Amino acid sequence: MKIDFQSQTPIFLQVQQGLEDEILSGIYGEEEQIPSITELASSYKINPATALKGINLLVDAGIVYKRRGIGMFVAAGAVQKLKEKRQEDFFKQYVLPLVQEAKRLNIEPQKLREWIERGLSE
Amino acid sequence: MNLSCHNLTKRFGENIVLNDINFTLDQPKIYGLLGRNGAGKTTLLRMIANYIQPTQGEILFDGKSVWENEQAQRQIFLATESSCFFDLNAEKIIRIMSKAYPNFNTEQCLHYAKRFELDLKKSTTKLSTGYKSVLRVILALSAHTPLLLLDEPTLGMDAFHRELFYKLLIESYSESPSCIVLSTHLIGEVEGLLENVIIIDHGKLLIDESAENLLSQGYCVSGKISEVDDYCSGKHIIGENTVGGLKTAAIMGTHEDAPASLDVTGLSLQQLFVQLVGNENPSEKETRL
């Protein structure tokens, strides 16, 4: 995870997204423990209240859960839930910028389709 | 814990260092106290910690004046460059502090000293600037006072010690939140930590609000000069910078739909600070940001 203090995205949302990414890529498996608020705050030099705000979004969404006095864990089924959520954002987050950049570089639509095919086969 | 400053003014001879300052600290939060050199930050902290007396106005700690208030003094810890340790070594100073502050944790302080590799036997007058700062911050982090004032805590520290200090500060705050006032010029290093920001400029209180609110007041756009200029017309520009054909402008206000060809980013606290307290004329402002 990387925190960008100049981003338009508030830090607590960056914490949420960063942890989601790490859960999706399997750094924290289901039923495995994620870092504590203090660890997150001191690793990324952010206020613990900010880290908590980000974590709470994951708790509310059922992605992680708290075990009293022990810590926070990735919920069973979290990866599936995250995938579904991310699929909804995929078009806006990846496809639109891809097409925009292709237009800026004068890449023909046919060329773009070919490249996507090539990407799929690699 | 509640600390409030009322119409606080400090004059040294003809020189007005602080002019009619009012604010309240009442929550376990990390406050950033920012200002340019000579803005009056250290004077303000020294008054709160009862080192010097205001010329006018008063400072109340839980409703009572801090001046010669022993009860309040035990609950406020100030770490500042002018802290006087005489010719003593760190070991003796730790012992003195453990008597002065009721919640002082000597064991923890010695542990911190070890982590910073501070020589406890060496006279503090012989410590380097960086190690003097190390001593001040390990005392500050071990005092466990409801109000902790840190004036340029990382002065002269190397990068490793600065990182260690921030880590210990966050751990300590996270375990037992207290009210911490962090005064520093290294804004970029602390901006993620600050919940509230107090900015003093030329002795006056300029800003006292949450970091979130403050930063949401502006944004940056960058792109081709002509496009940035078109977008900016009629908007409140607080700073701009041109490098070759690329122009970046800092704008106050809420972010309205910028064309896709422009990059929109947030303002960093450092950028905002420089724009707010810069007192050069606008034509000179161009090169900053």
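Values in this document were obtained by computation on a predicted structure and should not be read as measured data.

Cut-offs applied
Residues numbered from 1 in each chain as written. Chains lettered and ligands numbered in written order. Predicted model: local features only at pLDDT ≥ 70, side-chain atom pairs only at ≥ 80, totals over all residues. Heavy atoms only, no water. Contact = heavy atoms within 4.5 Å. Buried area = accessible area lost by both parts, 1.4 Å probe. Salt bridge = Lys/Arg side-chain N within 4 Å of Asp/Glu carboxyl O. Polar contact = N/O pair within 3.5 Å; in protein donor to acceptor, adjacent residues only side chain to side chain. Helix = DSSP H or I, 4+ residues; strand = E, 2+ residues; numbered from the N terminus. Nonpolar A, V, L, I, M, F, W, Y, C, P; charged D, E, K, R; others polar. Buried < 20%, exposed > 50% of the residue type's maximum accessible area, 1.4 Å probe, protein only. Domains from an automatic or database assignment. Pairing = 2+ DSSP bridges.

1. Observations concerning the interface of chain A and chain B
- At the interface, 13 residues of chain A touch 22 residues of chain B.
- Across the interface of chain A and chain B, roughly 1500 Å² is buried in total on both sides, 53% from carbon and sulfur atoms.
- When the buried area of chain A at its contact with chain B is split by residue, Gln6, Gln8 and Lys45 of chain A rank highest and sum to 41% of it.
- One can count 2 salt bridges joining chain A with chain B.
- A salt bridge links Lys53 of chain A to Glu212 of chain B, with the nearest nitrogen and oxygen atoms 3.8 Å apart.
- The interface formed by chain A and chain B holds 7 residue pairs in polar contact (both at pLDDT 80 or more) in total.
- Counting only elements with at least two residues in the side of chain A that touches chain B, the list comes to helix H2 (37–44) and helix H3 (48–60) of chain A.
- A breakdown of the residues in the side of chain A that touches chain B according to their chemical character gives 5 nonpolar, 6 polar and 2 charged.

2. Concerning the environment of Gln33 of chain A
Residues and elements named next belong to chain A.
- The residue Gln33 is located in strand E1 (residues 33–34) in this model.
- For Gln33, a relative accessible area of 41% puts it in the partly exposed group.
- Along the sequence, Gln33 and Met72 sit 39 residues apart, while their C-alpha atoms lie 5.6 Å from each other.
- Once residues lying within four places of it in the same chain are set aside, the contact partners of Gln33 are Tyr28, Ile70, Gly71, Met72 and Phe73.
- Looking at Gln33, its side chain comes within polar contact range of the main-chain oxygen of Ile70, at 3.2 Å.

3. Some remarks on the domain arrangement of chain A
- Here chain A is partitioned into domain 1 (11–78) and domain 2 (83–121).
- On a C-alpha basis, the centroid separation for the pair domain 1 of chain A and domain 2 of chain A is 30 Å.

4. Details of the pairing of strand E7 (residues 147–151) of chain B
Residues and elements named next belong to chain B.
- Within E7, 5 of the 5 residues are buried, which leaves the element mostly enclosed by the surrounding structure.
- The alternating pattern of E7 places Leu147, Leu149 and Asp151 on one face and Leu148 and Leu150 on the opposite face, and all of these are buried.
- The pairing of strand E6 (residues 76–79) with E7 spans 4 bridges and is parallel. Bridge assignment links Phe77 to a residue of E7, and that residue is Leu148.

5. Quick notes on the pairing of strand E4 (residues 56–61) of chain B
All names here are of chain B.
- Sheet topology places strand E1 (residues 3–12) next to E4; 5 bridges connect them, and they run antiparallel. Paired with Leu3 across the two strands is Phe61, which belongs to E4.
- Note that E4 and strand E5 (residues 64–65) share 2 bridges and pair antiparallel. Of the residues in E5, the one forming a bridge with Leu60 is Ser65.
- The antiparallel hairpin formed by E4 and E5 contains 2 residues in its connecting segment, where Asp62 sits at a positive phi of about 45 degrees.

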